Amino acid sequence: AAAARQTLTAGRPPFRARLDLSIDENGDLVAQLSDAPNRTISDAANTQKLPGMLVRSEDDDPVEDVAVNQAFDGLGATFELLLSAFQRNSLDDAGAPLNASVHYGVDYDNAFWDGERMVFGDGDGEVFTGFTASTTVIGHELAHGVVQHTANLDYQGQPGALNESIADVFGALTEQYLLGQSAAEASWLIGAEIFTDAVQGEALRSMLHPGTAYDDDELGKDPQPDHMDGFVRTTEDNGGVHINSGIPNRAFALFATDLGGNAWERAGTVWYRALTGGLSSTATFAEFAEATIAAASALDRETDATVVEAAARRAWTTVGVLE
Ligand code: ASN
Ligand code: ZN
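The rules behind the values
- Residues numbered from 1 in each chain as written.
- Chains lettered and ligands numbered in written order.
- Predicted model: local features only at pLDDT ≥ 70, side-chain atom pairs only at ≥ 80, totals over all residues.
- UniProt positions renumbered as here; feature names shortened; annotations may be inferred.
- Helix = DSSP H or I, 4+ residues; strand = E, 2+ residues; numbered from the N terminus.
- Buried ≥ 20, exposed ≤ 12 C-beta atoms within 10 Å, placed from the backbone.
- Contact = placed C-beta atoms within 7 Å.
- Expected span 1.5 Å × (residues − 1).

Within an unreviewed UniProt entry, the label attached to the chain reads Neutral metalloproteinase, and the organism entered is Microbacterium hydrocarbonoxydans. Under the Subcellular location (unreviewed entry) heading, UniProt states for the chain: "Secreted". Regarding the chain, the relevant UniProt record gives this comment under Cofactor (unreviewed entry): "Zn(2+)".

In the segment running from Leu 50 into Pro 51, the intervening peptide bond is cis, with an omega of 5°. Looking at the secondary structure, you find Pro 51 in the loop between strand E4 (39-43) and strand E5 (53-57). Positive phi is not limited to glycine here, since Asn 46 has a value of about 60°. Counting through the fold element by element, Asn 46 comes out in the loop between E4 and E5. In this structure Asn 46 comes out as partly exposed when scored by C-beta crowding, with 14 C-beta atoms within 10 Å.

Summarising the element assignment, Ala 283 is placed in the loop between helix H6 (266-276) and helix H7 (285-297). With 21 C-beta atoms packed within 10 Å, Ala 283 lands in the buried category. Separated by 120 residues in the primary sequence, Ala 283 and Asn 163 place their C-alpha atoms 9.8 Å from one another. What Ala 283 contacts, discounting residues up to four positions off in sequence, is Ala 151, Leu 153, Pro 159, Leu 162 and Phe 288.

With that settled, consider helix H3 (residues 157-179). Look at H3: 33 Å from first C-alpha to last across 23 residues, which is about the 33 Å you get at 1.5 Å a residue. Taking burial as the measure, the 23 residues of H3 include 20 buried ones, the bulk of the element. Of the residues one or two after H3, Gly 180 is the one with positive phi, at around 65°.

This is the structure in structure tokens:
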């Protein structure tokens, strides 16, 4: 039987929960609430046991612990970006809950996606402060979940660096969307909030100017290349996934700033479609570049597909991935 389907909007901003109405095979009306986030934040209480104790769920008020509320809000911002910009309903496009644990470990200097949840350390207080303070970091970790549910890029070599780069792209877009910043206004920095004042540097990574995010006595200099000429061959870091991601990061930042306007609109859509349009889990930089060009050329006429396609090609050429 043909299903009649209607979409109503309900709820209050920033989340417009959607009531999907449809008629099933028996002719009965089926109502389903969807497209609102379902978040849980747990407290690992400075252990490495996950998830820890549940401390805030979707309908709960803010709690006293700042890290809990920061994680909750960051997950919400990422959910909202995915939904508004890409019509994607959470990580799996089927409303998967967004779960995070904070206060992981003791002086833990990282945040990560463990395949099921986002996990945030508090930092050691010397180099890093708490990782929940950064929307770009939260968006980055969640994006690993989106990648896992889509192209599932191998976390090694070029596909691994693409996985890392796409996570940075979504992290940056989450912050830009939250702040209402255009591509020209954006900092294009990842993790600008998590270094202590003792560090000589402004962020973990710079998407627009890879290799310039920090130059510190203890940490050394930001190792990211901004062109294929500087591609780093190493066995560390799964083949330099956090290093060589500088190359596709710069391609995206150049593409978005070249197009102008809000990066999550045309530029973000092109990257999102390249990721979700049948990309191989072993994609190289060049294969992903071709996928973005194909996605750009398939945009409809109002979005000026030829201009977008030319801009994508220009960006990938500038970083030496395409000729
Ligand atoms: N923060 C890092 C990342 O998400 C953690 C890691 O290396 N797995 O890439
Ligand atoms: Zn990552």
